[in-house]
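Chain by chain, the residues:
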Amino acid sequence: MTMTPEHTAAGTIEAGTIDWTTDYDVLDAEFVANPYPFFDDLRQQCPVPHSNRWGGSWMPTTYADVSAVAHDIGHFSSQEVGVIPTQVDGDDPFPAGLPPISSDPPEHTWARRLLLPWFSHHRVEYYETVTRDLCRRLIQGFVEDGRADAAVDYAQQIPVRIIAQILGVPLGMADDFTGWVRDVLEFAHEKERQARGRDHIVAFFVNALEERRLDPKDDLISELLHTEVEGAPVPDGHVLGIAALTLIAGVDTTWSGIGSALWHLATHAEDRRRLVAEPELMPFAIEELLRAYSPVTMARIVTEDVEFAGCPMHAGDKVLLSFPAANRDPSVFPDADKVIIDRQQNRHVAFGVGIHRCAGSNLARMELRVAVEEWLARIPEFELEEGGEVTWAGGQVRGPRSIPVVF
Ligand code: HEM
């Protein structure tokens, strides 16, 4: 399949020359802005394409294949989950990785168990009040202006502040955190920038560990430092990795989810008005927006040569778990490319599937729902600003980075 010039990204690849079945590019600007036509074409013509770009990878595009890889932890390891390869000179600053996301059982099992209570329904209920209050204050800051950037002024500001509270770190550092997480995820293809983000995160948490050791507080880091697994303290490297993962996994993802939801509502007046008129549809709408605009793609490493869906995969190959592609598979979701805000059957995999299924999904769903509810309560009518440019980030986490709107 050769994409026509309209399909190609200006400036990144020569027009008309890319065969997406053998040479897809997950950072292609056109793909990042709207990946769904690419997934649809691939699913029909070559459902498990391979590309040598960005270190080389396979990319299953059907729901069944993505789920099968996620479940087959024997052949597909989580030792390397980055869509874009991590480029580290010298020692890896995260010697224990980022458990549980970057680990396989048995380490995965205990690392996940330590984290789950922090995102239980009970804790999330407490954070709902905090989130609602934060959303109201943010909206108050721009509602009189008649315009705002729904990504920068709103979506981006919410998850990072909630995670900061869970980690017990100063809210005043929210912008630093956001910058570091963007360096690690959004700019993973820029070696120096990614290294800078990782270095900042490591330095911050090494220091936080020392502080909590001397002066424990009621937060995740303190608890991890004082927890034992099989009679021994959790090693420092693991505490560092788990804390860093909480920050990295909880910020860009949810910010992107909130941003995509608001972008959709800014561009689909009929859905927006229906949601305002029928607020009881909100839980369905949130699930549908998560399905349709799933932010997260993960990776796995093949552990031994295996034939998968007719493809000869070799030990060490990377396989992308494109949850966004799986969730647009028309054999599972009728009218998959349509957003149906009251869709009833919706077994989407935006939060992954199998043993690594998102540990923070309760929190993410709550933040998404509250952010949209509060926005619609104050700003029921809004649309994209004429001449304003919506920009998207892609790769590991896809979502809008700027959404200029007027109201
Ligand atoms: C809309 C927002 C979010 C989306 C779409 C999302 C998506 C995902 C996905 C797809 C996975 C599976 C990874 C894999 O299979 O390798 C995952 C894992 C994980 N997520 Fe989320 N996530 C979101 C928000 C959050 C939040 C707010 C947190 C809280 C810190 C969080 C923490 C985690 C953790 C700790 C894991 C690893 C679980 C494990 O390996 O057992 N996520 N997430």
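Note that this is a predicted model, so its numbers are computed, not measured.

Draft legend 1. A look at the coordination of the iron atom of the ligand. Of the protein atoms, Cys358 (SG) alone serves as a donor to the iron atom of the ligand, at 2.3 Å. Here Cys358 is to be found in the loop between helix 16 (323-326) and helix 17 (361-378).

Draft legend 2. Representation of the pattern of salt bridges in the model. Applying the stated criterion to the full structure yields 30 salt bridges. Between Lys318 and Glu80 there is a salt bridge, with its nearest N and O atoms 3.5 Å apart. A residue pair is termed long-range when its members are at least 10 positions apart, and Lys318 in strand 10 (residues 318-322) and Glu80 in the loop between strand 3 (76-77) and helix 5 (107-115) qualify at 238 residues. A salt bridge links Glu288 to Arg343; its shortest N-O distance comes to 3.0 Å.

Draft legend 3. Representation of the site of the ligand within the structure. The immediate surroundings of the ligand are formed by 29 residues, with His108, Arg112, Arg300, His356 and Cys358 found nearest. The separation between an oxygen atom of the ligand and a polar side-chain atom of His108 is 2.7 Å. Here Ala249 contributes a backbone N or O atom positioned 3.5 Å from a nitrogen atom of the ligand. For the shell around the ligand, the secondary-structure elements that each account for two or more residues are helix 5, helix 12 (236-250), helix 13 (252-267) and strand 7 (297-302). Considering every element that reaches the shell around the ligand, the biggest residue donor is helix 12, with four residues. Broken down by class, the residue content of the shell around the ligand amounts to 18 nonpolar, eight polar and three charged.

Draft legend 4. View of the side chain of Ser102. As for its placement among the helices and strands, Ser102 is situated in the loop between strand 3 and helix 5. According to the relative accessible area criterion, Ser102 is buried, its value standing at 14%. Within polar-contact distance, the side chain of Ser102 engages the backbone nitrogen of Leu98 at 2.7 Å. With sequence-adjacent residues up to four places away left out, Ser102 is seen in contact with Ser78, Gln79 and Gly97.

Draft legend 5. Expanded view of the sheet that holds strand 4 (residues 147-149). One open sheet holds the three strands; their spatial order is 4-14-11, and the pairing between them is antiparallel. For this open sheet the edge positions go to strand 4 and strand 11 (383-384), each flanked by a neighbour on one side alone.

Draft legend 6. Geometry of the pairing of strand 10. Counting buried residues in strand 10 gives five out of five residues, a clear majority hidden from the surface. Burial along strand 10 is two-sided: the residues Lys318, Leu320 and Ser322 and Val319 and Leu321 are all buried. The sheet contact formed by strand 7 and strand 10 spans five bridges and is antiparallel. Bridge pairing links Ile301 to Lys318 in strand 10.

Draft legend 7. How the structure looks around the nonpolar core. If you look at the biggest cluster of nonpolar residues, it comprises 110 residues, and the most contacted ones within it are Tyr154, Phe205 and Trp375. Counting residues per element, this core draws most heavily on helix 17, at nine residues. The residues contacting Phe205, other than those within four sequence positions of it, are Leu167, Ile221, Leu240, Ala243, Ala244 and Leu247. In this structure, Val81, Val296, Val319 and Val353 belong to the second largest nonpolar core, which totals 23 residues.

Draft legend 8. Layout of the packing of aromatic side chains. All told, the structure shown has 20 aromatic pairs when counted by the stated rule. Plain terms: the ring middles of Trp375 and Phe382 are 5.3 Å apart, the flat faces sit at 65 degrees to each other, and that makes the pair edge-to-face. The same class applies to Trp375 and to Phe382, which are both buried. With centroids separated by 6.3 Å and ring planes inclined at 90 degrees, the aromatic side chains of Trp375 and Phe407 adopt a geometry described as edge-to-face. Placement of the pair is Trp375 in helix 17 and Phe407 in the segment after strand 14 (404-406), with a sequence separation of 32 residues. The partly exposed category is assigned to Phe407, whose relative accessible area is 31%. Counting every residue linked through ring pairs, the aromatic cluster contains Trp20, Phe31, Tyr36, Phe38 and Phe39.

Draft legend 9. Examining the environment of Ile84 more closely. By the element assignment, Ile84 lies in the loop between strand 3 and helix 5. A relative accessible area of 7% means that Ile84 is categorised as buried. Separated by 214 residues in the primary sequence, Ile84 and Met298 place their C-alpha atoms 9.8 Å from one another.

What counts, and at which threshold
- Residues numbered from 1 in each chain as written.
- Predicted model: local features only at pLDDT ≥ 70, side-chain atom pairs only at ≥ 80, totals over all residues.
- Heavy atoms only, no water.
- Donors = N, O, S within 2.8 Å, 3.2 Å for Na, K, Ca; no water.
- Helix = DSSP H or I, 4+ residues; strand = E, 2+ residues; numbered from the N terminus.
- Salt bridge = Lys/Arg side-chain N within 4 Å of Asp/Glu carboxyl O.
- Near = heavy atom within 4 Å.
- Polar contact = N/O pair within 3.5 Å; in protein donor to acceptor, adjacent residues only side chain to side chain.
- Nonpolar A, V, L, I, M, F, W, Y, C, P; charged D, E, K, R; others polar.
- Buried < 20%, exposed > 50% of the residue type's maximum accessible area, 1.4 Å probe, protein only.
- Contact = heavy atoms within 4.5 Å.
- Pairing = 2+ DSSP bridges.
- Core = buried A, V, L, I, M, F, W, Y, C linked by side-chain atoms within 4.5 Å.
- Phe/Tyr/Trp six-rings, centres within 6.5 Å; stacked < 30°, edge-to-face > 60°.

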